[in-house]
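Per-entry structural report
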Amino acid sequence: MNKKSVSKIVRHLPRDPTRLLDYLWAIQRAKGFISPLDIFELAKLLKIDESRIKEVITFYHFFFDKPHGEFSIFLDQSIIAKHAGIDLIEKVFEEALGVKSGQMTDDWQFGLYKTSCIGMSDQAPAALINMIPFVNLTTDKVLTLITCLKRGDELLKLQKDLDCVPQNTVHQSLVTQDQWDQDITSLHTQILNPQDIIQEIISSGLRGRGGAGFPTGKKWQLCRQYPGPRVVVCNADEGEPGTFKDRYLLTEHATKLFYGMAIAAKAIESQEAYLYLRAEYTYLLDHLHFVLTKLQRDPLIRQIKWRIQLGAGAYVVGEESALLESLEGKRGEPRLRPPFPVEKGYLGKPTIVNNVETFVLVSKVLEKGFESFRKWGTDQSAGVRWLSISGDVSKPGLYEVPWGIRLREVLELCGAQSPLMIQVGGPSGECINATILSELERKLSFEDLPTGGSFMVFSKERDIFTILQNFMQFFVDESCGNCTPCRAGNVVLNNQLKKVVDGHGRPQDLMSLTQWSHVVMKTSRCGLGMSSPRVITTSMKAFPEIYQHKIDSSKSSLIFDFDEQKATSDYDKIFGENHE
Amino acid sequence: MSNVFFQCDGKSMQAPANTTVVEALKLNGEIVPTLCWSPGIEPCLGTCRVCTIKINGKEAAACTQTISENMIIESATDEIRDLQKAIVELLFVEGNHYCASCEKSGDCELQGLAYQMGMTHSRFPYQFTPYELDYTGVHLLLERNRCIHCKRCTDLFVDDKQRKVFSFEGKGSDTLVQMNHKYESELSDHKRKEVVDLCPVGAIIFKGKGFDRPIGTRKFDHWGDKIDV
Ligand SMILES: Cc1cc2nc3c(=O)[nH]c(=O)nc-3n(C[C@H](O)[C@H](O)[C@H](O)COP(=O)(O)O)c2cc1C
Ligand code: SF4
Ligand code: FES
């Protein structure tokens, strides 16, 4: 284990508690984990309490206060990965390493863990090894991988040799990919003044691509009402299971992204811009720094103070106010609103938070003019949007589609294989029955079926309840724990769903599923709890028969067949009682 | 300060601008149940969600919102009352609350609220999650089975040297309150009392002390008298 002192490891970082995530990453990278002694030293260095550090370490998935292996392997648990065979991959790892998942080998060389969707659903099953993604895993690849790692081979070399490097497969691009024919460095000269920029964005009808679809120009205008200094933040947390379009945009269109952010900074007269990158995309960090450095020649970019903040694993941090908390080096718990970030955001400064794709589109709108953007889409949903399509389709990958496209058309584009169910917008989105033809005529749009980009297709071979339970478990795992309905309610809902799926449900259990979903949705503090029960409510609407099928309505709500002896058998065994 | 006019359950009301919705309603005789918030709690925490009401047709936590002109509020409707009660019931199944043997019985805000709402049982199945008890403090006992994660102790309490003594660790349903043992051991008499009183339930209590006040003199002993049963 590395004996270097904490103060040496973090020498390059400013003495600033808001950079706590960076400190913890630096220590963990150098030492493998963050020990009590490290916490003690760091607390002294930053002049904060140790408990403040522990609060943060225990909140995020990828921070460890105990050893977790020289090679820590995180297996993607998304339903897409499950269908692609991640459980078998897990078994192979377990057998080859002689550990169970959640454990570390005796020699501390390997640790095997599970994690939520890592944004590789188009190349499932996938895993992160020391935060490097390995996609398209097979049992053979896993066996070779372990042998080679034991032999001392380099992770990055193995990733290449085993053909496990993530690829971006673009099947259709309408706007983003077409040539950036402008001389980039001259872009800013045509940007007249902040008001013109905002007017252009408003005219384009651009709405946020992160999910909620707030009009982007209006958000910027609201922010301008509050006195500066103001802040621009890009949300690259992309945590919704099944989404990976931001991964692609960050990889291939980082220039447009940074320009979009710089244009936003100009519009709200800000000199500070932050990109919050989810930990699962750590492998993109160097690339993003490289692009940003290259762009420094341009005064539009240069006049801004930039920072790329690496997250540490927590879906809820995608919620914008939780993201700001995390950016300030704290637990990623959503804030109360009001005040909204446009008024009090990062460190209390007026802040706009926008999705990666939103900023990329801002560059395109400014480049091409708002009319050319508006010609796509519908009345309320202007322009195009990226879809991340995965599941039972012949062509998983990236599709840029106009808003207003019908589900039927999307299914044709991606080559859906006898589709049974479509999950539009991820687990927090909507469950669609793909066997009902009229449903397939519905349009992706804010008017009808909004989506943050996740589009998962499931064929008739799949068991719907397995999918739904995977989604509910995701929300149980990812609830931040701040508010009662989401923290306790999702656990209750998950158990109740299990009860029904296991065949123990009575007619009134379906009713309570609906009613309890309503409680959680209506009382939760942030969008996570407000939408997690949609897993249940939208699937009940789409597939009422599968729920009914699980219920034996001949049974009364009184349990006449209650087997008392069986129910108390544990007790009898322990106390050696025999009632026979 | 000038007054703002608003409506609640069809009645016209007014209250000084800048008051929270909870307080604005209270000034008009309309009581919204609260748990993480109580008079004097500042800033509001917004964690329990027991005070959920409807503002202009949309659910919101009343303690977190400021009253404004022409607000339309729904508070005492069956629908809202049921949502509020459901949250209290959720808290009862999430923790392990055995009022009969709890030192805080009669002084407990969760128990008081449950009685006030006429809760006889929980509609949700009990989880029976075991929580570890921290008995290693010098003065205080941390009984996590009773913690409702309101965050009063973690966010609002500091010792005489302005240091935080309590914190949260973990995430989601695994979130647990923790106590800094060094700071706890140095707590002054009045600070100990302050935090025991701050905790709405019996999760932070004095070590080596049982029931505090005789029955009849406890905080909620006469609360229900006014309520028709
Ligand atoms: C639980 C939760 C997770 C979210 N995750 C993301 C995310 O990963 N990326 C994102 O851009 N927005 C996410 N959002 C939406 C953000 O809160 C916010 O609306 C968005 O970043 C605003 O950008 P936009 O207007 O450009 O869409 C999430 C919201 C919630 C409630
Ligand atoms: S709904 Fe509540 S517990 Fe769930 S993530 Fe949001 S603030 Fe946290
Ligand atoms: S009293 Fe309002 S959220 Fe707890």
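Remember, predicted model here, so these are calculated numbers, not experimental data.

**So, the nonpolar core**
Within the largest apolar cluster, 208 residues are counted, with the highest numbers of intra-cluster contacts made by Trp220(A), Phe258(A), Tyr547(A) and Phe166(B). With 10 residues, the top contributor of residues to this core is helix 13 (residues 254-267) of chain A. Setting aside chain neighbours within four positions, we find Phe258(A) in contact with Leu275(A), Leu288(A), Val291(A), Leu292(A), Leu295(A), Ile301(A), Trp306(A) and Ile308(A). Formed by 26 residues, the second largest nonpolar core is a distinct cluster that contains Ile73(A), Val92(A), Leu145(A) and Leu155(A).

**Brief notes about the site of ligand 2**
As a structural note, the neighbourhood of ligand 2 is formed by 13 residues, with Cys480(A), Cys483(A), Cys486(A), Cys526(A) and Gly529(A) the closest of them. Class assignment for the residues of the shell around ligand 2 results in 7 nonpolar, 5 polar and 1 charged.

**Thoughts on the packing of aromatic side chains**
Enumeration according to the criterion identifies 19 aromatic pairs over all chains in this entry. Centroid distance Trp516(A) to Phe124(B): 4.8 Å. Interplanar angle 65 degrees. Geometry classified as edge-to-face. Placement of the pair is Trp516(A) in helix 23 (residues 507-523) and Phe124(B) in the loop between helix 3 (109-116) and strand 6 (133-134), with the two residues belonging to separate chains. Per residue, the accessibility class of Trp516(A) equals that of Phe124(B), and both read buried. Ring centres 6.2 Å apart and planes at 55 degrees place the aromatic pair Phe157(B) and Phe166(B) in the tilted group. When its relative accessible area of 1% is taken as the criterion, Phe157(B) is described as buried. A relative accessible area of 1% places Phe166(B) in the buried class. An aromatic cluster is present here, built from Trp25(A), Phe59(A), Tyr60(A) and Phe63(A) joined pairwise through their rings.

**What to know about the state of the cysteines**
Per the counting criterion, the structure on display carries 0 disulfides over all chains. Not engaged in a disulfide, the cysteine Cys234(A) finds its nearest cysteine sulfur in Cys223(A); these two sulfurs lie 15 Å apart. Free of any disulfide, Cys108(B) has its nearest cysteine sulfur in Cys102(B), 6.2 Å distant.

**A word on the site of ligand 1**
All names here are of chain A. The full set close to ligand 1 counts 18 residues, and Gly210, Asn235, Asn354, Asn355 and Thr358 are the nearest of them. The separation between an oxygen atom of ligand 1 and a polar side-chain atom of Asn235 is 2.9 Å. Between an oxygen atom of ligand 1 and a side-chain N or O atom of Asn354, the distance comes to 2.9 Å. For ligand 1, whose accessible area on its own is 610 Å², the fraction buried by protein is 88%. For the shell around ligand 1, the elements supplying multiple residues, two or more each, are strand 9 (351-355) and helix 24 (527-531). Of the residues in the shell around ligand 1, the class split is 3 nonpolar, 9 polar and 6 charged.

**Quick look at the domain arrangement of chain A**
Residue and element names in this part refer to chain A. Each assigned domain of chain A is listed here: domain 1 (6-59), domain 2 (71-161), domain 3 (172-374), domain 4 (386-461) and domain 5 (465-552). On a C-alpha basis, the centroid separation for the pair domain 3 and domain 5 is 34 Å. Facing 13 residues of domain 3, the contacting portion of domain 5 comprises 8 residues. The junction of domain 3 with domain 5 conceals about 880 Å² of combined surface from both sides, 66% of it contributed by carbon and sulfur atoms. Summed over the shared surface of domain 3 and domain 5, the number is 4 residue pairs in polar contact (both at pLDDT 80 or more).

**Some points on helix 7 (residues 139-151) of chain A**
All names here are of chain A. Compared with the 18 Å implied by 1.5 Å per residue over 13 residues, the 19 Å span of helix 7 between its first and last C-alpha is a close match. Among all positions in helix 7, only Lys141, Val142, Leu145, Ile146, Cys148 and Leu149 are buried. Residue Gly152 follows helix 7 closely and has a positive phi angle near 105 degrees.

**A look at the domain arrangement of chain B**
Residue and element names in this part refer to chain B. If you check the domain split of chain B, you get domain 1 (3-76) and domain 2 (95-220). Relative placement of domain 1 and domain 2: their C-alpha centres are 26 Å apart. With 12 residues of domain 1 at the interface, the matching set in domain 2 holds 13 residues. Buried surface at the junction of domain 1 and domain 2, both sides included, amounts to about 870 Å², of which 74% is carbon and sulfur. Summed over the shared surface of domain 1 and domain 2, the result is 0 salt bridges. For the pair domain 1 and domain 2, the number of links is 3 residue pairs in polar contact (both at pLDDT 80 or more). Broken down by class, the residue content of the side of domain 1 that touches domain 2 amounts to 8 nonpolar, 3 polar and 1 charged.

**A few points about the sheet that holds strand 7 (residues 270-277) of chain A**
Residue and element names in this part refer to chain A. A sheet is described by the order of its strands in space; here 4 strands give the open sequence 8-7-6-9, paired in parallel fashion. Of all the strands in the sheet, the pair left with one neighbour each is strand 8 (305-310) and strand 9. Each neighbouring strand pair of the sheet contributes to a mean axis angle of 20 degrees, computed without reference to strand direction. Strand direction decides the pairing type here: strand 7 and strand 8, joined by 6 bridges, are parallel. Counted as the bridge partner of Ala273 is Trp306 from strand 8.

Reading the values: the criteria
Position labels on residues start from 1 in each chain and follow its written sequence. The naming scheme follows written order: chains are lettered A onward, ligands numbered 1 onward. Since the coordinates come from a predicted model, pLDDT governs what is reported: local features require at least 70, and pairs of side-chain atoms require 80 or more to be given and counted, while whole-chain, interface and lining totals use all residues. To obtain the side-chain values, all non-hydrogen atoms of the structure were included, while hydrogens and water were left out. Buried Ala, Val, Leu, Ile, Met, Phe, Trp, Tyr and Cys residues form a nonpolar core when they are joined through side-chain atoms within 4.5 Å. Under the scheme applied here, a residue whose accessible area is under 20% of the maximum for its type counts as buried, over 50% as exposed, and between as partly exposed, the area being computed with a 1.4 Å probe on protein chains only. Helix and strand definitions here come from DSSP, where helices need a minimum of 4 consecutive H or I residues and strands a minimum of 2 consecutive E residues; each element is numbered from the N-terminal end. Note on definitions: a residue-residue contact is assigned when non-hydrogen atoms from the two residues lie within 4.5 Å. In this text, near means that some heavy atom of the residue lies within 4 Å of the molecule or strand in question. Only Asp, Glu, Lys and Arg are considered charged in this grouping, and only Ala, Val, Leu, Ile, Met, Phe, Trp, Tyr, Cys and Pro are considered nonpolar; every other residue, Gly among them, is considered polar. Any Phe, Tyr or Trp ring, taking Trp's six-membered ring, that has another such ring centre within 6.5 Å forms a pair; planes under 30 degrees apart are called stacked, those over 60 apart edge-to-face, and the others tilted. Disulfide: a pair of cysteine sulfur atoms within 2.5 Å of each other. Polar contacts, as used here, are pairs of N or O atoms within 3.5 Å; protein pairs need one atom able to donate a hydrogen and one able to accept it. Residues neighboring in sequence count only if both atoms are side-chain atoms. Note on areas: these come from Shrake-Rupley sampling with a 1.4 Å probe, and a residue is covered only by the protein chains present in the view. For each domain, the first and last residues come from an automatic or database assignment. Buried area, as used here, totals the accessible surface that two parts lose on assembly, with accessibility defined by a 1.4 Å probe and the loss added over both. Take the number of residues in a helix, subtract one, and multiply by 1.5 Å to get its expected span. Counted as salt bridges are all cases of a side-chain nitrogen of Lys or Arg within 4 Å of a carboxyl oxygen of Asp or Glu. Strand pairing is defined by DSSP finding a minimum of two bridges between the two strands. Only the stretch in contact is used when fitting a helix axis, every axis being a line fitted to C-alpha atoms; angles between N-to-C directions are given from 0 to 180 degrees.

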